[in-house]
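Structural overview for review
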Amino acid sequence: MEAGRTRGSLGRRRFFSVLAACATVAACVAPLASARTAATRYVPATDVNSMYWTTQYMGATAWWSAGYTGNGVDVALIDSGVSPVQGLDAPGKVIYGPDLSLESQDPSLANLDTYGHGTFMAGLIAGNDAPPAARHANTPASVYRGIAPDARIVSLKVAAADGGADVSQVIAAIDWVVQHAHDPGLNIRVINLSYGTNSTQAYGVDPLADAAEQAWKHGIVVVAAAGNTGFQRGHGAPGLADPAYDPYVIAAGASDSMGTAPTVDDDVATFSASSGCGPCKNPDFVAPGSHLQGLRVVNSWLDVNHPEGQLDGRYFRGSGTSEAAAITSGAVALVLQAYPTMTPDLVKRFFQANADKLGGSGPQAQGAGEIRLGRMLNAAPQWSYNGQRFAAATGTGSLEQARGQDHLTLNGVTLTGEQDIFGHPVNTAALAAGEASASSWSGGVWNGDVWTGSTWSGSSWSGSTWSGSSWSGSSWSGSSWSGSSWSGSSWSGSSWSGSSWSGDTWAGDAWG
């Protein structure tokens, strides 16, 4: 869906969600008009795709009853920020790492989710309405909980109100997580990337894939959305998104409940990316990702532009491999609480070994099958597993090719070539060497520019003022920003279309 272009257009990033009532109109659980005209009537207990039912049928509630709720595990969410809506507003629930987005320069926008995507993902991973004594299977459906309700979110904002984010921002965020995963009080074991590009180069040289792979090799489970391009045929089929196409990381495809709680009829969602292109990687496994109940950011860009996704004053419905990645990240947090010494390779193997093949789609579409948390609770990990053996990525390829078709545009100037958002040249070989040694950041400096502060201030990382110019040649200090402000539980503005950071598309797919 095209949004209006303005002088500060931020075009085409691929955070893989379809935050709307359904992937197609025909697939709706309930008519869209009903969701819009009777918003106050949403009842999670009667919606099989509510988190109440999703956590039950995939077995998360069994883990909670056994005492595993994600407690002590931090999940780094590299996305569009997180707003403190109900379910994510408890003290200490969300820790804010550096805001590397273009909105970081406006104090009223920094860290907060102007788009609505990151908050939705955070809720699926670790949202929690419940008081401490009510976290098990007898909690009513009206209490919203993500898969790992006691896990903590470490938010790194990279995307602006339209979803605008460059590959260089995402790579910088991954690198920061690697270097700060175990800062005092932190235990980042998972990175959630509901993001991807259609890179035009092999994973072995791609700098985004290499950053994700280096995080994996530094002990962090990287969960990446497979993409929303559906099944593709032919030698030239692109396959999975970047960095999900890296063989080391977890590529999460999406399954569909088909409107029933029993899993026997579950199938791969039609939008979930996979390929018959021979050597292409396909999803490692699939997780629920269709028509899910998520947390709504009132008056965010998505909320304003896609009212058909609104369920009521609190909730939004979304489909996509973004959602599947978030569900998977929450499941990984449960497993890592139970088995804190697990390596990323062993975590991936544990999920694959206990997945269920779905009847309607072949292995190219679903990998090992749909995850089965209930089965995993009583299964023994394969501690003797020797790990994955793939050719290591070098990351020495092209930053421009890593972008694929996804580019930012500011004042009519498109960000292209081997440069970051500051217009600073990126030497991918030097960057890869720094990532391998976990030294690409020096304080708040990445790739020779000051991106952020260098210390923690309570539960937030310190910010910084960007000096100099953007890739377009204009001064950051002269840029204009949205006048909307956060007021308690929603954005006070009702439209983001007039902001200087308005983009073209999101997820490479249709919304609504």
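Residues numbered from 1 in each chain as written. Predicted model: local features only at pLDDT ≥ 70, side-chain atom pairs only at ≥ 80, totals over all residues. Heavy atoms only, no water.

**A few points about the overall build of the protein chain**
- Tallying secondary structure elements over the protein chain gives 13 helices and 19 strands in all.
- In the protein chain, buried positions account for 63% of the 512 residues.
- A separation threshold of at least 6 residues defines the contact pool for the protein chain, and within that pool the share at least 24 residues apart is 78%.
- Put simply, the protein chain shows about 16500 Å² of open surface, and 53% of that area lies on carbon and sulfur atoms. (Helix = DSSP H or I, 4+ residues; strand = E, 2+ residues; numbered from the N terminus. Buried < 20%, exposed > 50% of the residue type's maximum accessible area, 1.4 Å probe, protein only. Contact = heavy atoms within 4.5 Å. Areas by Shrake-Rupley, 256 points an atom, 1.4 Å probe, with all protein chains shown as cover.)

**Considering the nonpolar core**
- Counting 133 residues, the largest nonpolar core has Ile78, Ile191, Phe351 and Leu373 as the members making the most contacts within it.
- If you tally residues by element for this core, the top one is helix 8 (residues 321-338), at 11 residues.
- Here Phe351 is in contact with Phe285, Ala331, Val332, Val335, Ile371, Leu373 and Met376, once residues within four sequence places are set aside. (Core = buried A, V, L, I, M, F, W, Y, C linked by side-chain atoms within 4.5 Å.)

**Description of unusual backbone geometry**
- Omega for the bond connecting Asp242 with Pro243 falls within 30 degrees of zero, at 20°, which places this linkage in the cis form.
- Mapped onto the secondary structure, Pro243 falls in the loop between strand 6 (231-232) and strand 7 (250-256).
- In this structure, His291 is a non-glycine residue whose phi angle is positive, near 60°.
- Within the secondary structure, His291 is located in the loop between strand 10 (285-288) and strand 11 (292-295).
- What makes His291 buried here is its relative accessible area of 3%.
- One non-glycine residue, Asn411, lies in the positive phi region at around 55°.

**Remarks on the packing of helix 6 (residues 207-217) against helix 13 (residues 428-436)**
- Where helix 6 contacts helix 13, the two axes come as close as 10 Å, and the packing angle between them is 10°. Considering the angle they form, helix 6 stands roughly parallel to helix 13. Touching Pro207, Asp210, Ala211 and Gln214 of helix 6 are Thr428, Ala432, Glu435 and Ala436, all from helix 13. (Axes fitted to C-alpha atoms, helices over the stretch in contact; angles between N-to-C directions. Parallel < 35°, antiparallel > 145°, perpendicular 65-115°, else oblique.)

**Considering the pattern of salt bridges**
- Evaluation of the coordinates by the stated rule reveals 13 salt bridges.
- Residues Asp47 and Arg317 are paired through a salt bridge, measuring 3.0 Å at the closest nitrogen-oxygen approach. With Asp47 in the loop between helix 1 (32-37) and helix 2 (51-57) and Arg317 in strand 12 (residues 315-318), this residue pair connects regions lying 270 residues apart in the sequence.
- Arg317 sits in the buried class, given a relative accessible area of 8%. (Salt bridge = Lys/Arg side-chain N within 4 Å of Asp/Glu carboxyl O.)

**Some remarks on helix 5 (residues 167-180)**
- Here helix 5 is 14 residues long and its end C-alpha atoms lie 20 Å apart, about the 20 Å a rise of 1.5 Å per residue gives.
- Within helix 5, 13 of the 14 residues are buried, which leaves the element mostly enclosed by the surrounding structure. (Expected span 1.5 Å × (residues − 1).)

**Some words on the sheet that holds strand 15 (residues 441-442)**
- Strand order in the open sheet formed by three strands is 15-16-17, with antiparallel pairing between adjacent strands. Of all strands in the sheet, those bounded by a partner on one side alone are strand 15 and strand 17 (449-450).
- By the bridge criterion, two bridges tie strand 15 to strand 16 (residues 445-446) in an arrangement that is antiparallel. In the sheet register, Ser442 faces strand 16, and the bridge partner there is Val445. (Pairing = 2+ DSSP bridges.)

**A word on the pairing of strand 7**
- Most of strand 7 is tucked away, with seven of its seven residues classed as buried.
- The side-chain alternation of strand 7 yields two buried faces, one formed by Ile250, Ala252, Ala254 and Asp256 and the other by Ala251, Gly253 and Ser255.
- Bridge analysis of strand 5 (residues 221-225) against strand 7 gives three bridges, and the strand direction is parallel. Across the sheet, the residue bridging to Val223 is Ile250, located in strand 7.
- Alignment of strand 7 against strand 10, held across four bridges, turns out to be parallel. If you follow Ala254 over to strand 10, its bridge partner there is Ala287.
- Bridging between strand 7 and strand 8 (residues 267-268) involves two bridges; their strand directions are antiparallel. Bridge pairing in strand 8 links Ser255 to Val268.

**Points about the confidence of the model for the protein chain**
- Looking at the protein chain as a whole, its pLDDT mean stands at 87, while 87% of the residues score no less than 70.
- Note that pLDDT drops below 50 for residues 1-12; the model gives that stretch 58 contacts with residues more than four away or on any other chain.
- The model gives residues 498-512 a pLDDT under 50, and that stretch makes 77 contacts with residues more than four places away or in other chains. (pLDDT = per-residue confidence, 0-100.)

**As for helix 8**
- Taking 1.5 Å of rise per residue, the 18 residues of helix 8 would be expected to cover 26 Å, and the 26 Å separating its terminal C-alpha atoms lies within 8% of that figure.
- With 17 of 18 residues buried, helix 8 lies mostly within the body of the structure.

**Description of the pairing of strand 4 (residues 188-193)**
- Taken across its six residues, strand 4 has six buried, putting it largely inside the fold.
- In the sheet, strand 1 (residues 74-79) pairs with strand 4 via four bridges, with the strands oriented parallel. Considered in strand 4, the bridge of Val75 is made with Val190.
- Two elements, strand 4 and strand 5, share four bridges in a ladder whose sense is parallel.

**Quick notes on the packing of aromatic side chains**
- Applying the stated criterion to the full structure yields 19 aromatic pairs.
- Their ring planes at 85° and their centres at 5.4 Å tell us that Tyr248 and Phe390 sit as a pair that is edge-to-face. Linking Tyr248 in the loop between strand 6 and strand 7 with Phe390 in the loop between helix 11 (373-377) and helix 12 (399-403), this pair joins segments that are 142 residues apart in sequence.
- Tyr248 gets classed as buried once you look at its relative accessible area, which sits at 7%.
- Given a relative accessible area of 39%, Phe390 falls into the partly exposed group.
- Here the aromatic rings of Trp471 and Trp476 are separated by 6.4 Å at their centres, their planes lie at 70°, and the arrangement is edge-to-face.
- Classification of Trp476 as buried rests on a relative accessible area of 2%.
- Counting every residue linked through ring pairs, the aromatic cluster contains Phe422, Trp446, Trp451, Trp466, Trp471 and Trp476.
- When the ring centre of Tyr248 is taken as origin, the NZ or CZ atom of Lys217, which lies over that ring, is 4.8 Å away.
- Over the ring of Tyr385 we find Arg349, and its NZ or CZ is 5.4 Å from the ring centre. (Phe/Tyr/Trp six-rings, centres within 6.5 Å; stacked < 30°, edge-to-face > 60°. Lys NZ or Arg CZ within 6 Å of the ring centre and 35° of its normal.)

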